[in-house]
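# An overview of the molecular structure
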Amino acid sequence: MSAIALIDYGAGNLRSVHNALVAAGADGVAVTADPDVVAKADHIVLPGVGAFAACMNGLSAIPGLVDAMERRVRREGAPFLGICVGMQLLADAGEEHGRHQGLGWIPGTVRAFAPQPGLRIPHMGWNDVEPAFAHPVIARGEAYYLHGYHFADAADVAATSSHGGPFVAAVARNNIVGVQFHPEKSQAYGLATLERFLKWRP
């Protein structure tokens with residue numbers, strides 16, 4: 001059994017996330033698109049970089065992968081971490097280049113930041129993580145973000161940040177947690193976040 005399944009569906013910063021997980025103390029990280037590996041993993045990490053639809057299509061195109069994730073995470077309770085677009089895919093839908101269905105694990109819709117005078121989009125760089133409640137994985141601090149879309153009207157908001165107004169920095173429900181920021185780019189704060197995730201036994 002692989003301790004960690006880092007899902008490879010052609011849309012993630014896999015090398016950096018892998019290295020960050022190892023630096024945080026992970027043992028047996030499997031970079032994989034194999035549903036059988038995912039179905040046996042202790043923890044599952046879904047990274048994501050790029051457009052919502054392309055990421056969802058890439059994930060759905062691998063036979064049996066979404067079913068294995070559904071079974072291992074939602075039915076059997078394996079700890080799950082979604083990163084950036086990997087978090088956004090938890091939503092009901094995303095509105096980048098049209099409306100596209102997400103995994104639907106946490107209600108909400110991924111929408112573009114509204115243009116405002118002087119507001120830089122995409123949101124890029126260091127910003128706060130302000131927890132909405134006490135959670136074993138999410139802590140107050142500063143993390144690195146890079147995104148032009150955000151998880152709007154989200155249920156289960158675990159943390160917020162602000163860019164032209166508040167936006168969702170993290171979501172959490174039962175054994176599922178997602179972060180809009182990039183732990184692998186967030187130095188000591190990011191490694192500490194991954195350490196907490198690896199120790200998490202919800």
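Quick note: structure is the one above.
Below: a short report on this structure. (Residues numbered from 1 in each chain as written. Predicted model: local features only at pLDDT ≥ 70, side-chain atom pairs only at ≥ 80, totals over all residues. Heavy atoms only, no water.)

### Regarding the sheet that holds strand E7 (residues 109–112)
- Taken in spatial order, the four strands line up as E6-E5-E7-E10 in an open sheet, and their pairing is mixed. Two strands in the sheet have a free side with no partner beyond their single neighbour: strand E6 (100–101) and strand E10 (149–152).
- Direction of pairing for strand E5 (residues 93–94) relative to E7: parallel, over a ladder of two bridges. Bridge assignment links Gly-94 to a residue of E7, and that residue is Val-110. (Pairing = 2+ DSSP bridges. Helix = DSSP H or I, 4+ residues; strand = E, 2+ residues; numbered from the N terminus.)

### Considering the nonpolar core
- By size, the foremost hydrophobic cluster in this structure holds 66 residues, and its most contacted members are Leu-59, Met-69, Leu-89 and Leu-90.
- Per element, the largest residue contribution to this core is six residues, and it comes from strand E12 (residues 166–173).
- Discounting chain neighbours no more than four positions away, the residues touching Leu-90 are Phe-80, Leu-103, Gly-104, Trp-105, Ile-106, Phe-151, Val-171, Ile-176 and Gly-178. (Core = buried A, V, L, I, M, F, W, Y, C linked by side-chain atoms within 4.5 Å. Buried < 20%, exposed > 50% of the residue type's maximum accessible area, 1.4 Å probe, protein only. Contact = heavy atoms within 4.5 Å.)

### What to know about the pattern of salt bridges
- The tally for this structure, following the rule as stated, stands at seven salt bridges.
- For Glu-76, the salt bridge identified is with Arg-72, shortest N-O distance 3.0 Å.
- You can call Glu-76 partly exposed: its relative accessible area is 45%.
- Of the residues examined, Arg-72 reaches a relative accessible area of 14% and is grouped as buried.
- In this structure, the salt-bridge partner of Arg-173 is Asp-156, at a minimum N-O distance of 2.7 Å. Of this pair, Arg-173 sits in strand E12 while Asp-156 sits in the loop between E10 and strand E11 (157–162), placing them 17 residues apart in sequence.
- Within this structure, Glu-95, Arg-99, Arg-111 and Asp-153 form a network of salt bridges that share partners. (Salt bridge = Lys/Arg side-chain N within 4 Å of Asp/Glu carboxyl O.)

### Here's the deal with the pairing of E7
- Sheet analysis places E7 next to E10, joined by four bridges and oriented antiparallel. Within the sheet, the bridge partner assigned to Ala-112 lies in E10 and is Tyr-149.

### Description of the state of the cysteines
- Taken as a whole and assessed by the stated rule, the structure comprises zero disulfides.
- Free of any disulfide, Cys-55 has its nearest neighbouring cysteine sulfur in Cys-84, separated by 8.5 Å.
- A relative accessible area of 1% means that Cys-55 is categorised as buried. (Disulfide = S-S within 2.5 Å.)

### Quick word on the sheet that holds E11
- Spatially, E2-E1-E3-E4-E13-E12-E11-E8-E9 is the arrangement adopted by the nine strands of the open sheet, whose pairing is mixed. This sheet does not close on itself; its edge strands, each paired only once, are strand E2 (29–32) and strand E9 (141–147). Averaged over all adjacent pairs, the angle separating strand axes in this sheet is 25°, with direction ignored.
- Bridging between E11 and E12 involves five bridges; their strand directions are antiparallel. Within the sheet, the bridge partner assigned to Ser-162 lies in E12 and is Pro-166.
- Contacts between helix H6 (residues 187–199) and the sheet are confined to strand E1 (4–7), strand E3 (43–46), strand E4 (80–83), strand E8 (123–131), E9 and strand E13 (176–179), with E3 contributing the most and set at about 140° to the helix. (Axes fitted to C-alpha atoms, helices over the stretch in contact; angles between N-to-C directions.)

### Let's talk about the packing of aromatic side chains
- Throughout the structure, instances matching the rule amount to seven aromatic pairs.
- For the pair Trp-126 and Tyr-144, a centre-to-centre distance of 6.2 Å together with 80° between the ring planes defines the contact as edge-to-face. Here Trp-126, found in strand E8, pairs with Tyr-144, found in strand E9; they are 18 residues apart in sequence, far enough to count as distant.
- Seen in terms of ring centroids, Tyr-145 and Phe-167 are 5.5 Å apart; in terms of plane orientation they differ by 85°. Their pairing is edge-to-face. Taken together, the residues span a long stretch of sequence, with Tyr-145 in strand E9 and Phe-167 in strand E12 at a distance of 22 residues. Just as Tyr-145 is buried, Phe-167 falls in that class too. (Phe/Tyr/Trp six-rings, centres within 6.5 Å; stacked < 30°, edge-to-face > 60°.)

### Considerations on the side chain of Arg-72
- On the secondary structure map, Arg-72 appears in helix H4 (residues 65–75).
- For Arg-72, the side chain forms a polar contact with the side chain of Glu-76, separated by 3.0 Å. (Polar contact = N/O pair within 3.5 Å; in protein donor to acceptor, adjacent residues only side chain to side chain.)

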